[in-house]
Amino acid sequence: VLIPPDASVGSAVGFLSAPLAFEAVRSQPMALDASEFKPRVANEIFRSLWHETISVVAAGAARWKPGRPAKERRRAYGRYRGQGHEVALDLPNRDLEPEDADLLRRSFEEAYAAIFSRPVPGAAVEVRTWALEVVGDSDPLAWPRERAAVAAAA
């Protein structure tokens, strides 16, 4: 967390109202064709990333508002084999299956075409990086008001 020296009140309020979040990333190259895609390996990576991220977010959220479920955002960063630029792909929040290789490839080609105008037909696609972001409750400044409302209703 970076907080600039001499931050204004607006910056402080923004910092305090930002969601509690943490993102972890792992590099694990994996081709997106049916013979080389290893969903079990990707799922193990996401489980490891989940334990890493949830521990950080839960530690912060427990001080403020325990009991609220965290939200996950899974992503992969893919590219055509041999290229240097990676394209972010949003992934479903579930374990990946062998047939998801086609889903990931289609998602990659759509994202690639949105950036570079067209995909490269027949080129091999690979994921280089897997990422998981866990976000806790999004408005810590509202929590005292919510607690007061619950206490008043009781």
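Right above here is the structure, for reference.
Throughout what follows, the structure given in this document is the object of discussion. Here the structure is a predicted model, which means the values were calculated and not measured.

### Re the pairing of strand β3 (residues 87–91)
Part 1 of the argument: Here β3 shows a clear split, with Val87, Leu89 and Leu91 buried on one side and none of Ala88 and Asp90 buried on the other.
Part 2 of the argument: Here five bridges tie strand β2 (residues 71–80) to β3, and the two strands are oriented antiparallel to one another. Residue Tyr77 lies in a different strand from β3, and its bridge partner there is Ala88.

### Section: the side chain of Arg74
Part 1 of the argument: Positionally, Arg74 belongs in strand β2.
Part 2 of the argument: Residue Arg74 is classed as buried on the basis of its relative accessible area, which comes to 11%.
Part 3 of the argument: Apart from the residues lying within four places of it in its own chain, the contact partners of Arg74 are Phe46, Leu89, Asp90, Leu91, Pro92, Asn93, Arg94, Asp95, Ala131 and Leu132.

### Looking at the sheet that holds strand β4 (residues 125–135)
Part 1 of the argument: Reading across the sheet, the four strands line up as β1-β4-β2-β3 and stay open at both edges, with antiparallel pairing between neighbours. Edge strands, defined here as strands with exactly one partner in the open sheet, are β1 (21–31) and β3. On average, adjacent strands in this sheet sit at an angle of 25 degrees to one another, irrespective of strand direction.
Part 2 of the argument: Of the strand pairs in this sheet, β2 and β4 are connected by ten bridges, and their pairing is antiparallel. For Arg74, the partnering residue across the bridge sits in β4 and is Leu132.
Part 3 of the argument: Helix α3 (residues 100–116) rests against β2, β3 and β4 of the sheet, and its axis sits at about 140 degrees to β3.

Rules behind the numbers
- Residue numbers run consecutively from 1 along every chain, following the written order of its sequence.
- Per-residue local features are limited, in this predicted model, to residues with pLDDT of at least 70; the limit for side-chain atom pairs, both in listing and counting, is 80 or more; totals at the level of whole chains, interfaces and linings are taken over all residues.
- Note that water and hydrogens are dropped before the side-chain values are worked out from all heavy atoms of the structure.
- Residue exposure (1.4 Å probe, protein chains only): buried if accessible area is under 20% of the type maximum, exposed if over 50%, otherwise partly exposed.
- Strands are runs of DSSP state E lasting at least 2 residues, helices are runs of H or I lasting at least 4, and numbering of each runs from the N terminus.
- A pair of strands is labelled paired if DSSP reports no fewer than 2 bridges between them.
- Whether two residues are in contact is decided by their heavy atoms, any of which lying within 4.5 Å being enough.
- Axis angles are defined between N-to-C directions and span 0 to 180 degrees, where every axis is a line fitted to C-alpha atoms and, for a helix, only to the segment in contact.

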